[in-house]
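Here is what each chain is made of, one letter per residue.
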Amino acid sequence: MATDSLVGERAAEEAGLFSGAAAQAVSIIAVITLAENENNFLFMAFHSLRK
């Protein structure tokens, strides 16, 4: 019985770590996407100012 509860705890811990890592990856991708969109916007604005 003791080993079963340990295995369950370990699985829950790994699932938590995985979901945390997945959430972190999603937020990093979102930040990169926002940064790229902002850079494109600044680039376009800069070009329109230079004309």
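The structure displayed is predicted, hence computed values, not measured ones.

Applying the stated criterion to the full structure yields one salt bridge. A salt bridge links Glu14 to Arg10, with the nearest nitrogen and oxygen atoms 3.0 Å apart. Residue Glu14 and its partner Arg10 are located together in helix H1 (residues 2-50), separated by four residues, close to a single helical turn. In this structure Arg10 comes out as exposed when scored by relative accessible area, which is 53%.

So, on to the environment of His47. Examined against the element boundaries, His47 turns out to sit in helix H1. Judged by its relative accessible area of 36%, His47 is partly exposed.

Quick look at the environment of Glu36 now. Considering the arrangement of structural elements, one finds Glu36 in helix H1. Glu36 sits in the partly exposed class, given a relative accessible area of 48%. As for Glu36 and Leu49, which are separated by 13 residues in sequence, their C-alpha atoms are 20 Å apart.

Conventions and cut-offs
- Residues numbered from 1 in each chain as written.
- Predicted model: local features only at pLDDT ≥ 70, side-chain atom pairs only at ≥ 80, totals over all residues.
- Heavy atoms only, no water.
- Salt bridge = Lys/Arg side-chain N within 4 Å of Asp/Glu carboxyl O.
- Helix = DSSP H or I, 4+ residues; strand = E, 2+ residues; numbered from the N terminus.
- Buried < 20%, exposed > 50% of the residue type's maximum accessible area, 1.4 Å probe, protein only.

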